[in-house]
Amino acid sequence: MKINKGQYGYRDRNKWMRLTITLVLVAGILAQLAARSFTDNQAAKNILTVMAILTVLPMANMASPLLASWKYRTPSAEFHQRMQAYEDRCVLLYDLIVTTKEFVLPFDAVAVHPNGVYAYCILRKIDSGKAEKAINALFIANKLDPNVKIFLDERSFLRRLDSLKPASEYEDDGTVEYAASLMKNLSM
């Protein structure tokens with residue numbers, strides 16, 4: 001079963017997919033380098049070396065996001081069950097790791113609502129004000145209102161979600177879907 005970006009379980013599934021592809025590529029590199037020792041033809045050795053070097057590029061493209069996201073896991077099933085109660089009020093995205101120039105922000109849940117975008121970040125040590133400014137700048141660049149709020153405390157995040165009215169009570173101008181797709185695109 002494929003889990004898409006923004007769905008619950010994406011981080012863990014994506015991590016294992018990237019790890020598998022990275023290991024296959026590493027095995028391919030090692031096989032190409034080992035194959036050099038089985039030939040006496042210098043041209044074949046050169047071709048195998050170039051092939052191994054070229055295989056390093058896709059391996060690095062797989063490994064770098066894997067290393068950046070290695071320590072972040074999918075939240076618990078209990079957290080997901082608590083969040084399901086709010087799915088009628090807003091668009092909920094799970095397991096996003098949003099990257100900016102200065103920050104790697106692991107968001108366990110992001111609520112996209114006509115009033116704003118509310119994200120629960122599991123990192124307690126970040127400067128949420130600077131992180132909000134960075135994401136809001138990306139929203140402005142994509143012609144959206146800069147209304148992203150990052151919560152570092154789960155209780156305050158849930159209190160904010162409790163205060164939201166259902167999105168169906170607002171006029172649908174397409175910005176909720178656009179903001180949700182932007183948040184997915186910003187995530188690795």
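About the criteria used
- Residues numbered from 1 in each chain as written.
- Predicted model: local features only at pLDDT ≥ 70, side-chain atom pairs only at ≥ 80, totals over all residues.
- Heavy atoms only, no water.
- Patch = residues over 30% accessible without salt bridge, like charges linked within 9 Å, V, L, I, M, F, W, Y side chains within 5 Å.
- Areas by Shrake-Rupley, 256 points an atom, 1.4 Å probe, with all protein chains shown as cover.
- Salt bridge = Lys/Arg side-chain N within 4 Å of Asp/Glu carboxyl O.
- Helix = DSSP H or I, 4+ residues; strand = E, 2+ residues; numbered from the N terminus.
- Buried < 20%, exposed > 50% of the residue type's maximum accessible area, 1.4 Å probe, protein only.
- Pairing = 2+ DSSP bridges.
- Axes fitted to C-alpha atoms, helices over the stretch in contact; angles between N-to-C directions.
- Contact = heavy atoms within 4.5 Å.
- Core = buried A, V, L, I, M, F, W, Y, C linked by side-chain atoms within 4.5 Å.

Asks: Would you take a moment to explain a nonpolar patch on the surface for this structure?
Replies: A cluster of nonpolar residues, Val50, Leu54 and Leu57, forms a patch on the protein surface that exposes about 290 Å² of accessible area. Along the polypeptide, Leu57 turns up in helix H2 (residues 42–69). Using a relative accessible area of 54% as the deciding quantity, one classes Leu57 as exposed.

Asks: Please clarify how the sheet that holds strand S3 (residues 116–121) should be interpreted in this entry.
Replies: Each strand in a sheet pairs with another by means of backbone hydrogen bonds, the pair being arranged parallel or else antiparallel. Pairing in this open sheet of four strands is mixed, and the strands run S1-S2-S3-S4 from one edge to the other. Unpaired on one side and paired on the other, strand S1 (91–99) and strand S4 (148–151) mark the two borders of the sheet. Taken over all neighbouring pairs, the strand axes of this sheet differ in orientation by 30° on average, direction set aside. Two elements, strand S2 (residues 104–113) and S3, share six bridges in a ladder whose sense is antiparallel. The partner of Ala109 across the bridge, within S3, is Tyr120. Helix H5 (residues 154–162) contacts S2, S3 and S4 of the sheet and is inclined by roughly 155° relative to S3.

Asks: What is the right way to read the nonpolar core from this model?
Replies: Judged by nonpolar contacts, the single largest core of 27 residues is most densely connected at Leu105, Phe107, Val110, Phe139 and Met183. If you list the elements that add at least two residues to this core, you get S1, S2, S3, helix H4 (128–141), S4 and helix H6 (175–186). It is H6 that provides the largest number of residues to this core, a total of six residues. Setting aside chain neighbours within four positions, we find Phe107 in contact with Arg11, Tyr94, Asp95, Leu96, Val98, Ala119, Tyr120, Cys121, Ile135, Ile150 and Met183.

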